[in-house]
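Understanding the architecture of this molecule
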Amino acid sequence: MADKKIRILLAKLGLDGHDRGIKIVARILRDAGMEVIYLGLRQTTGSIVAAAEEEDADAIGLSMHNAGHLTLGPKMVDAISGAGLDIPLVIGGIVPDEDVADLLSSGVTSVIGPGASAEEVVAIVNGAIATRERK
Amino acid sequence: MTEEKSPNEKLKAAWSEQYNSANLRDVPFETMSGVPVDPVYGDGPYPGQYPYTRGIYPSMYRSRLWTMRMFAGFGTAEDTNLRFKELLRNGGTGLSTAFDMPTLMGRDSDSEWALGEVGRAGVAIDTLADMEDLFAGIDLAKVSTSMTINGPAATLLAMYVAVAEKDGVSASQLAGTIQNDILKEYQAQKEYIYPPRPSMRIITDMVKYTTAEMPKWHPVSISGYHIREAGSTAAQELAFTLANGFAYVEAAIAAGQNVDEFGRRLSFFFNSHSDFFEEIGKFRAARRIWARWMKERYGASDERAMLCRFHTQTAGVSLTAQQPEINIARVGIQALAAALGGTQSLHTDSFDEALALPTEDAARIALRTQQIVAHETGATNVADPLGGAPYVEWMTDEMERQAEEIFSHLEDLGNGSILEGTYEGIENGYFVGEIADAAYRFEREVNAGQRIIVGVNEFTEGDDPDGRNLLRISAETEDYQLKRLQDIKLRRNQKDVDLSLKEITEVASDPARNLMPAIIDAVKVYATEEEISDSMTKEFGTYVEKAIV
């Protein structure tokens, strides 16, 4: 269905309360024509997986600013596959370049680094969704 | 016969008298080329004179430089203790503690919420034992300590008091500040535990306790820093912060506190961003607005209760991950704005903070940056050196005008009460909405190239992602901290802990009683931070923010 809007689920996993970035990303994706479901702060892998299933999300986006990405990223990947879902996971925030490869090899689909432009954000999300469609 | 003095001459004469009785630092107050300079220029009211637009002290930095207070915290308490000692050896004059996310949220390191966060963004504190290690070998009667914590602030203050007591230092000797500004948590930083009203009760209890027992302690640091970091404009930062201050004042007055007694121990915390003149106007306006409202609206008569004394931190959000070393220049400019704006203490950010917590080298460069501003630029010779400049005076007025508009809106929301208006603004999403709008507007302008951020959307050559040396917190920190917590739980007297927690819940149910003594008793028997938080949650419930984009 070509005219179906992309649905992306955004959330903050864990205790990290930095939400400036994810709110901007939400508006960027909405302006790009996507349907954005923002779950808000203090989500668990369980609450995110449940919402992704219920909302029929095409992608999940998490924002991390507390250096917990190497622990929480793989945990989220496991929770998604553990629920039998095949949904690309995009992580944005303060992720040092040298951690990107580790995240990708753990099953995170794409990473958005600090300072990415709106176009880059949209392209990365679209790219992440396209990887699933190719499978 | 003497000639009648003009009003300005009278102000100048009064200022002179105060200035002449001040102790001055033993340095030449002259330019680098040897030209002697006056302590202040232009018209009054002069520094130290109501409404303090030009500074809160008559002699400003000629008497005492700002406190160079570098915020530090990572890993275990021992790790941070070493960094503290390093900063003190390097000429830092106050300590400032960054706690990790679980600690900030009232959770222990062994909570399922803490996974991956222990010791990452600050130091992990679970029990009094960690606090003992954090300050080991540091004379708490001599340093002043700032603790950046809000939701569980009462517990951390209790631990600090208990550590000092063990070292033979009484609560009355302790100098410092605890952030304890819960209102901005709902607006910007989002580190809350309980809903706003019970949180306000805890703060009022802390104000009462410190007023009685800790005369050198600042029980609330009303903070705009995080509001700005979350994306607000300079005027919003100013207005939301001062309005939060008014709300605390209204709450304390309602609880029967004397405005002069607690008013003089309130302090503020602002951001210093990159728009140099806007920042200086903001700092000047803050002092003027606070003095006027405290005097005229809340009836303060003690001058000290009218002074907006503030800490400043350079803008973390302005730092770029691209070409991070150029952040040193940004921090230098922001630090100079803070000095010209008359700050009482300053944290300068490290250039690598857009990437990770600062390395020791980066933190040293940041401290050196403010030392250059203090000792090499001459900016400290003259109080309010930009006062009287048309642009600076206009900017100060403009910041005040925008802030007053926001106060009016909050008063409308609260039917004449800023406190009620603030509760309402939290509930109806006013603050988060305004901040998110401003953040998005700025981001769009950067994205469209209307605003240039050097190294990000222009002048992007020269970045070297491979040449970076970042601070990494090893996973061992988490294991170590978990083991430590387990040991404490085994060693402590569980019966004492259970009783102390039950007592907190009971005190919480009675608004006429003060929570502080019960919390101090609990930390002394090694109740954990989370246990203490939970003992209050039973009575107060928790706060969940509505997710709005």
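Scroll up a little and you will see the structure.
Residues numbered from 1 in each chain as written. Chains lettered and ligands numbered in written order. Predicted model: local features only at pLDDT ≥ 70, side-chain atom pairs only at ≥ 80, totals over all residues. Heavy atoms only, no water.

1. With respect to the overall build of chain A
- When its secondary structure is counted, chain A shows five helices and five strands.
- Written out in order from the N terminus, the α and β elements of chain A read β-α-β-α-β-α-β-α-β-α.
- For 135 residues, the compact-globule estimate of 2.2 N^0.38 gives 14 Å, and the C-alpha radius of gyration of chain A, at 13 Å, lies within 12% of that figure.
- The principal-axis extents of the C-alpha atoms in chain A amount to approximately 40 × 35 × 25 Å.
- Within chain A, the fraction of its 135 residues that count as buried is 53%.
- Nonlocal contacts in chain A, meaning residues at least 24 apart in sequence, comprise 72% of its contacts between residues at least 6 apart.
- Carbon and sulfur atoms form 52% of the exposed surface of chain A, whose accessible area is close to 5,500 Å².
- Across chain A, the centroid of the 13 positively charged side chains sits 5 Å from that of the 19 negatively charged ones. (Helix = DSSP H or I, 4+ residues; strand = E, 2+ residues; numbered from the N terminus. Rg over C-alpha atoms; globule rule 2.2 N^0.38 Å. Buried < 20%, exposed > 50% of the residue type's maximum accessible area, 1.4 Å probe, protein only. Contact = heavy atoms within 4.5 Å. Areas by Shrake-Rupley, 256 points an atom, 1.4 Å probe, with all protein chains shown as cover. Lys, Arg positive; Asp, Glu negative; His and termini not counted. Charge placed at Lys NZ, Arg CZ, Asp CG, Glu CD.)

2. Digging into the side chain of Glu191 of chain B
- Structurally, the position occupied by Glu191 of chain B is in the loop between helix H6 (183-189) and helix H7 (196-213).
- No salt bridge is formed by the buried Glu191 of chain B, whose closest oppositely charged neighbour, Arg42 of chain A, lies at an N-O distance of 5.9 Å.
- The contacts of Glu191 of chain B, once residues within four sequence positions are left out, are Arg42 of chain A together with Met101, Leu104, Met105, Asn150, Gly151, Ile182 and Glu185 of chain B. (Salt bridge = Lys/Arg side-chain N within 4 Å of Asp/Glu carboxyl O.)

3. Here we look at the packing of helix H5 (residues 153-166) of chain B against H7 of chain B
All names here are of chain B.
- Between H5 and H7, whose axes approach to 10 Å, the crossing angle comes to 25 degrees. As far as their axial angle goes, H7 and H5 are roughly parallel. Contacts from Ala153, Ala154, Leu157 and Val161 in H5 reach Ile202, Met206, Tyr209 and Thr210 in H7.
- Of the residues contributing to the contact of H5 with H7, the split by class is seven nonpolar, one polar and no charged. (Axes fitted to C-alpha atoms, helices over the stretch in contact; angles between N-to-C directions. Parallel < 35°, antiparallel > 145°, perpendicular 65-115°, else oblique. Nonpolar A, V, L, I, M, F, W, Y, C, P; charged D, E, K, R; others polar.)

4. A closer look at the packing of aromatic side chains
- Applying the stated criterion across every chain yields a total of 28 aromatic pairs over all chains.
- For the pair Trp15 of chain B and Tyr46 of chain B, a centre-to-centre distance of 6.0 Å together with 40 degrees between the ring planes defines the contact as tilted. Of this pair, Trp15 of chain B sits in helix H1 (residues 7-20) while Tyr46 of chain B is found in the loop between H1 and strand S1 (67-72), placing the two residues 31 residues apart along the sequence.
- Judged by relative accessible area, Trp15 of chain B falls into the buried class, the value being 4%.
- Plain terms: the ring middles of Phe268 of chain B and Phe270 of chain B are 6.2 Å apart, the flat faces sit at 5 degrees to each other, and that makes the pair stacked.
- Using a relative accessible area of 1% as the deciding quantity, one classes Phe268 of chain B as buried.
- Under the relative-accessibility criterion, Phe270 of chain B is labelled buried at 1%.
- Put simply, the rings of Phe246, Phe268, Phe270, Phe283, Trp290, Trp293, Tyr298, Phe310 and Phe407 of chain B touch in pairs and so form one group of aromatic residues.
- Against the face of Tyr192 of chain B rests Arg42 of chain A, its NZ or CZ located 5.5 Å from the ring centre.
- When the ring centre of Tyr50 of chain B is taken as reference, the NZ or CZ atom of Lys295 of chain B above it lies at 4.3 Å. (Phe/Tyr/Trp six-rings, centres within 6.5 Å; stacked < 30°, edge-to-face > 60°. Lys NZ or Arg CZ within 6 Å of the ring centre and 35° of its normal.)

5. Section: the sheet that holds strand S1 (residues 7-11) of chain A
All names here are of chain A.
- Ordered by their spatial adjacency, five strands build an open sheet running S2-S1-S3-S4-S5, and the pairing between neighbours is parallel. The open sheet has two edge strands with one neighbour each: strand S2 (35-38) and strand S5 (110-112). Across the sheet, the mean angle from the axis of one strand to that of its neighbour is 25 degrees, orientation sign disregarded.
- Looking at chain direction, S1 and S2 are connected through four bridges and run parallel. Pairing of Ile8 across the sheet is with Val36, part of S2. (Pairing = 2+ DSSP bridges.)

6. Looking at the interface of chain A and chain B
- With 37 residues of chain A at the interface, the matching set in chain B holds 42 residues.
- Between chain A and chain B, a total of about 3,200 Å² is buried, with carbon and sulfur atoms accounting for 55% of that surface.
- The largest per-residue losses of area from chain A upon contact with chain B belong to Leu15, Arg20 and Arg27 of chain A, which jointly make up 26% of the total buried on that side.
- In this assembly, chain A and chain B are joined by four salt bridges.
- One salt bridge in this structure joins Asp437 of chain B and Arg27 of chain A, with 2.9 Å as the shortest N-O distance.
- Where chain A packs against chain B, one counts nine residue pairs in polar contact (both at pLDDT 80 or more).
- Of all the secondary-structure elements, those providing two or more residues to the side of chain A that touches chain B are helix H1 (20-31), helix H3 (69-82), helix H4 (97-105) and helix H5 (118-134) of chain A.
- No other element matches the eight residues that H1 of chain A contributes to the side of chain A that touches chain B.
- Classifying every residue of the side of chain A that touches chain B gives 14 nonpolar, ten polar and 13 charged. (Buried area = accessible area lost by both parts, 1.4 Å probe. Polar contact = N/O pair within 3.5 Å; in protein donor to acceptor, adjacent residues only side chain to side chain.)

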